[in-house]
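Given next are the chains, with one letter for each unit.
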Amino acid sequence: MRAFTYERLDAATGASRRADHPGTTYIAGGTDLLQLMQEGIAHPRALLDVSRVGTTGVTAQLDGIRIGAATRLADVIEDPIVAERLPLVAEALAASASPQVRNMATIGGNLLQKTRCLYFRDVTTPCNKREPGSGCPAQAGQNRLNAVFGGSPHCIATHASDLAVALVALDAEVIVERAGGEKSIRLDDFYRLPGDTPYVETALEPGDLITAVFVPIQATNLPGRYLKVRDRASFEWALVSAAVALVVADGEVVAARVAAGGVGTKPWRLPAVEDRLVGRPMDVQTLQLAAEAAADGADPRPGNAFKVPLLVNAVARALAATADQEANR
Amino acid sequence: MPNDPHALTVTLRVNGEETRFDVDPRTTLLDALRDRLHLTGTKKGCGLGQCGACTVHLDGRRIVSCLTLAVMADGASVTTIEGLGTPDALHPMQEAFVACDAFQCGYCTPGQIMSAVALLQEGHCGSDEEIREHMSGNLCRCGAYANIVDAIRTVAGATDRSGAAVPSREDA
């Protein structure tokens, strides 16, 4: 690990000016950044510790629910507001990482975790995300874990966060502390498709500090389920995941929110599935027809073609589980 | 490292005792515990947060000490396996691991026990299924998992999946 300086900040205000220097990186939980530093993937020259700047806790506001960026995953899962009003978020977090990591990792850091693409994580191989212009061996190589949506000839790495999938389904916003003041960015717009600049992953500008995640009121108090399919039963990233939240009135689907993980270069909203749900009767046939649209536009490779039927089945199961939850309310 | 200009001073309360030392900022909490404080009960496995051998309690919560820097823990309380029991007075979880034969080579055992003790406090040990899920951050390459679940169930006084109270091995 290369040498770096370390400083703990006391407040979010003014942080962006301190961090706006090449080689300066924020650290909070450190659970991804330290892996990247140990593996020689990241080599910051200065770390600014933002774990104690006061951006912790969950707050119910009139217009929605605000989750402080430095809140640990375990504390969000156990929070009574989240348990009652954001069950989809609680379930996605409970399926994330291990209990030890959930005690360390923060909400803001979770959204910024790096891909688990084998080539990104292996410094002995080329990777356009890690070494711009070096190539993307995943295109024709080991691509079992890679994306079927949103890829480009330069990158097909998936986004690894479960939380982000749930939050994209709920139209959440990221609140950012920027030199000119506070800024709010829809999470769906926050993440960038790789295109020909796969190393540009988010809308963050140098120095920006995530201070909170905000879920708007209309996306709260909804029945919702997060289904995660993985290579082992626990402590593993998703091969495919499905986040579903539904609004049902008089037996009819009034609103639907569906997103998928493990399949896209960013958390992948599935509007074609939502369109086949809204305005239809909430029955088995509607759910099945809707799920079949989940793979619309998929661009699989030989190693990850299995994700296409897996996605359809995962969405079908998550829809059925949400319907059960709704029926038992 | 008294002559290192980049060294930072860290204050920790380790197993109830306050200690102060200078570290290179790159030092993980794990390496500080083992190499600076000579508390070698905490094991270094993968160094990447995947195996759980380095599990300790930081301010009462279980964490993997390989994925936190010593400087990040400045001012915190740390409990390691050395702070849990002594050879003459084992912690009930340590006793249960011995009674249930919950290890073979023993390398993962300190981390397993630190995790298991935290699990009791977290209250997620109502069934074998729940114990397995909440112990998923601790790997055992010898495959002593079944006996590890037995040990935790014994201490938790939990019920098995049928809902019946499960006797400890010694009662069985």
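Since we're looking at a predicted model, the values are computed, not measured.

The next point concerns the domain arrangement of chain B. Residues and elements named next belong to chain B. According to the domain assignment, chain B contains domain 1 (8-82) and domain 2 (92-156). Between the C-alpha centres of domain 1 and domain 2 there is a distance of 21 Å. Counting from both sides, the interface comprises 15 residues of domain 1 and, opposite them, 17 residues of domain 2. Summed over both sides, the interface of domain 1 with domain 2 buries roughly 1,300 Å², with 54% coming from carbon and sulfur. For the domain 1 face of the interface with domain 2, the top three residues by lost area are His-57, Arg-62 and Ile-81, together amounting to 48%. In this structure, the connection of domain 1 to domain 2 is made through 1 salt bridge.

The next subject is the pattern of salt bridges. Scanning all chains against the criterion turns up 27 salt bridges over all chains. Lys-114 of chain A serves as the salt-bridge partner of Glu-201 of chain A, at 3.0 Å between the closest nitrogen and oxygen. Residue Glu-201 of chain A is located in the loop between helix H9 (187-190) and strand S8 (209-216), and its partner Lys-114 of chain A is located in the loop between helix H7 (107-111) and helix H8 (162-169); the two are separated by 87 residues in the primary sequence. Of the residues examined, Lys-114 of chain A reaches a relative accessible area of 27% and is grouped as partly exposed. Close ionic contact of Arg-153 of chain B with Asp-128 of chain B constitutes a salt bridge, the shortest N to O distance being 2.8 Å. Within this pair, whereas Arg-153 of chain B is found in helix H5 (residues 145-156), its partner Asp-128 of chain B is found in helix H4 (residues 128-134), the two being separated by 25 residues in sequence.

Once that is clear, we can look at the sheet that holds strand S11 (residues 252-261) of chain A. Residue and element names in this part refer to chain A. With antiparallel pairing, 4 strands are arranged side by side in an open sheet as S9-S10-S11-S12. Edge positions in the sheet fall to strand S9 (224-229) and strand S12 (268-269), since each has one partner strand and no second. Packing against the sheet, H8 makes contact with S9, strand S10 (240-249), S11 and S12, and its axis sits at approximately 150° to S11. Its contacts with the sheet place helix H12 (residues 307-327) against S9, S10 and S11, and it is angled at close to 35° to S10.

Glancing now at the interface of chain A and chain B. Facing 35 residues of chain A, the contacting portion of chain B comprises 31 residues. Buried surface at the junction of chain A and chain B, summed over both partners, amounts to about 2,600 Å²; 55% is from carbon and sulfur atoms. Linking chain A with chain B are 1 salt bridge. Note that Arg-61 of chain B is salt-bridged to Asp-75 of chain A, the shortest N-O span being 2.9 Å. At the boundary of chain A with chain B, the tally comes to 13 residue pairs in polar contact (both at pLDDT 80 or more). Of all the elements in the fold, those that place two or more residues in the side of chain A that touches chain B are strand S1 (5-8), helix H2 (33-38), strand S3 (46-49), helix H3 (73-78) and helix H6 (99-104) of chain A.

So, how was this worked out
- Residues numbered from 1 in each chain as written.
- Chains lettered and ligands numbered in written order.
- Predicted model: local features only at pLDDT ≥ 70, side-chain atom pairs only at ≥ 80, totals over all residues.
- Heavy atoms only, no water.
- Domains from an automatic or database assignment.
- Contact = heavy atoms within 4.5 Å.
- Buried area = accessible area lost by both parts, 1.4 Å probe.
- Salt bridge = Lys/Arg side-chain N within 4 Å of Asp/Glu carboxyl O.
- Helix = DSSP H or I, 4+ residues; strand = E, 2+ residues; numbered from the N terminus.
- Buried < 20%, exposed > 50% of the residue type's maximum accessible area, 1.4 Å probe, protein only.
- Pairing = 2+ DSSP bridges.
- Axes fitted to C-alpha atoms, helices over the stretch in contact; angles between N-to-C directions.
- Polar contact = N/O pair within 3.5 Å; in protein donor to acceptor, adjacent residues only side chain to side chain.

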